[in-house]
Amino acid sequence: MPPTASSSTGAQSGADSLHVACPHCDTLNRVPPARLGGGKCGRCGKALFEGKPVALDARRFAAHAERGDLPLLIDFWADWCGPCRAMAPAFAQAAAQLEPQLRLAKIDTEASPDLAARFGIRSIPSLILVHRGREIARTAGAMPLPALVAWARQALVR
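Residues numbered from 1 in each chain as written. Predicted model: local features only at pLDDT ≥ 70, side-chain atom pairs only at ≥ 80, totals over all residues. Heavy atoms only, no water.

Where an unreviewed UniProt entry is consulted, the protein chain appears under the name Thioredoxin TrxC, with the organism given as Azospirillum palustre.

Summed over the entire model, instances satisfying the criterion amount to seven salt bridges. Close ionic contact of D69 with R132 constitutes a salt bridge, the shortest N to O distance being 3.2 Å. With D69 in the loop between α1 (58-67) and β4 (72-77) and R132 in the loop between β6 (126-131) and β7 (134-140), the pair connects residues that are 63 residues apart, well separated along the chain. On the basis of relative accessible area, D69 is assigned to the buried category, the value being 1%. R132 gets classed as partly exposed once you look at its relative accessible area, which sits at 28%. (Salt bridge = Lys/Arg side-chain N within 4 Å of Asp/Glu carboxyl O. Helix = DSSP H or I, 4+ residues; strand = E, 2+ residues; numbered from the N terminus. Buried < 20%, exposed > 50% of the residue type's maximum accessible area, 1.4 Å probe, protein only.)

Another aspect to go through is helix α2 (residues 82-98). Taking 1.5 Å of rise per residue, 17 residues should cover 24 Å, and α2 covers 24 Å from first to last C-alpha, within 8% of that figure. The principal kink in α2, of about 40°, is found at A88, preceding the proline P89 by one to four residues. Buried within α2 we find C84, M87, A90, F91, A94, A95 and L98. Taken together, the buried residues of α2 touch β4, β5 (103-108), β6 and α4 (145-156). (Expected span 1.5 Å × (residues − 1). Bend = angle between axes of the 7 residues up to and from the residue. Contact = heavy atoms within 4.5 Å.)

Set out below in structure tokens:
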């Protein structure tokens with residue numbers, strides 16, 4: 001099960017801290033589980049949690065999806081996609097409700113076709129929950145906020 005704010009451990013090294021990627025500079029920061037949801041980046045000094053999705057591209061992806069200890073819920077989208085644009089406000093609101101248990105990210109499939117291909121994205125919007133680089137859940141199609149939050153929380157306990 002992915003680490004949560006109530007976990008006593010979670011970092012791969014076994015230490016009593018989680019590795020959290022900064023949403024601004026992508027630096028990995030050690031955060032004790034009791035302080036998850038707060039704190040500032042040791043490198044850039046900005047907040048580690050802001051309650052909004054992080055825009056990722058291929059360059060930034062590894063820090064958040066592979067090296068960080070937080071599960072990452074990714075919205076694969078495109079600007080021309082009507083359902084993607086319709087779901088964007090709900091996805092942004094979901095970030096405020098789901099952090100710090102997981103980080104939400106958006107990947108533009110037009111700007112990062114390599115990531116879309118890596119995950120076999122065939123329709124958008126597609127939501128994929130990854131933890132330490134491994135896919136743990138997937139769904140496709142726009143969702144209202146309550147359904148989105150419920151799906152993410154259920155996927156975390158699988």
